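Residue-level structure breakdown
Spelled out, the chains give:
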Amino acid sequence: MDLLALVDFNLVARHGGFGRAARLSGRPKATLSRRVAELERSLDLRLFERGARNLKLTEEGRALHARTSVLLTEIDETAASIASGGEQPRGRLRISAPLLFAQTAMGRLAAGFSLKHPEVKLEVTTEDRVVDMVEEGYDLVLRVNPDPDETLVGRIFLRDRLVVVASPALARPADGAPVPAVVRDGAGATIWKLKDAPAIAADPRLSLSSLIMVRDAVRMGVGAGRLPVSLVSRDLAEGRLAHWGDADSPEIALWALYPSRRLLSARVSAFLDHLKTSFPKGTPDELAAHIDYDTHA
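Described below are features of the structure shown in this document.

Rules used throughout
- Residues numbered from 1 in each chain as written.
- Predicted model: local features only at pLDDT ≥ 70, side-chain atom pairs only at ≥ 80, totals over all residues.
- Heavy atoms only, no water.
- Helix = DSSP H or I, 4+ residues; strand = E, 2+ residues; numbered from the N terminus.
- Buried < 20%, exposed > 50% of the residue type's maximum accessible area, 1.4 Å probe, protein only.
- Contact = heavy atoms within 4.5 Å.
- Areas by Shrake-Rupley, 256 points an atom, 1.4 Å probe, with all protein chains shown as cover.
- Axes fitted to C-alpha atoms, helices over the stretch in contact; angles between N-to-C directions.
- Parallel < 35°, antiparallel > 145°, perpendicular 65-115°, else oblique.
- Left-handed = near helix turned anticlockwise from the far one by under 90°.
- Nonpolar A, V, L, I, M, F, W, Y, C, P; charged D, E, K, R; others polar.
- Arc of directions from axis to C-beta.

This part covers the overall build of the protein. From N to C terminus, the protein includes 11 helices and 13 strands. Every one of the 297 residues in the protein was classed for burial, and the buried ones make up 44%. Counted over contacts in the protein with a minimum sequence separation of 6, partners at least 24 positions apart contribute 72%. Counting only carbon and sulfur atoms, one obtains 53% of the accessible surface of the protein, whose full area is about 15800 Å².

Turning our attention to the packing of helix 1 (residues 3-15) against helix 3 (residues 29-43). Relative orientation and spacing of two packed helices are given, respectively, by the angle between their axes and the distance between those axes. The contact between helix 1 and helix 3 brings their axes to 8 Å, and the two run at 115°. The orientation of helix 1 relative to helix 3 falls into the category roughly perpendicular. Two packed elements cross with a definite hand, and for helix 1 against helix 3 that hand is left-handed. Between helix 1, through Leu-4, Ala-5, Leu-6, Asp-8, Phe-9, Leu-11 and Val-12, and helix 3, the contact on the second element is made entirely by Leu-32, Arg-35, Val-36 and Leu-39. The class makeup of the residues in the contact of helix 1 with helix 3 is 9 nonpolar, no polar and 2 charged.

A word on helix 2 (residues 18-25). Looking at helix 2, one finds that the buried residues are Phe-18, Ala-21 and Ala-22. What you see down the axis of helix 2 is that its buried residues fit within an arc of 100°, all on one side. Among the exposed residues of helix 2, those pointing more than 90 degrees away from its buried face are Arg-23 and Leu-24. In this structure, the buried side of helix 2 is in contact with helix 1, helix 3, strand 1 (48-50) and strand 2 (55-57).

By themselves, these figures tell us nothing about what the structure is for.
Here it is, written out as structure tokens:
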């Protein structure tokens, strides 16, 4: 495959047309058109649908653009780094983060990283779904207890655990009777097992889509809730919530994941180092320290 033709293809794909790509790059439009046509012939694929007024990537063209644009960017960054005699992080860094972590800690974390590395253009999106890092162009994905994936490698940077809490005004039944509960995402009646206390029969009175909303409703006395200790540690310390017990459930582990088949770029390495500096022990207390309680109170 002709690397120069691939560069020109990505240039046209990024700018959405030959004319715009030519104007912004200073390359002749005819040269770009010829290069892309040569690439299509060499691959025996149509990469663009050419209309009278617009140009659209085909399905094959979108796949090629998604898979090669990041690699070409890394080649450019490596060459620039070698030329400058260092490994200064620069360029775009796209990260996908889970909802709760993003709401409670990612703003400060991202701001601190940007102040340390002003040449990196950091983009963070929030979603709990499993993303395709290559297809969707992510450099790093932060996930809670991810399923094993042989195409990804990573490391745990934070650990948390679940606790059952309630407003001090809510009496805990001594006879095992059902307890009004606030739950996430429509969970039905269930038994909350505890490590060092009798199990609790949770009777959902309110279902919410965010754990921050669950915490706020529990504070109001609607019912008991099962929440990460990092999210309620300040409430427990200041008496806004009462601790009913530690949940007998698997540990919550937050992972930073990246594709194993690519060399780690300087910008990804820098963000991993930033995570390690921000959470040196990876404990719930360190995460709690990043949570802006004034914002969510």
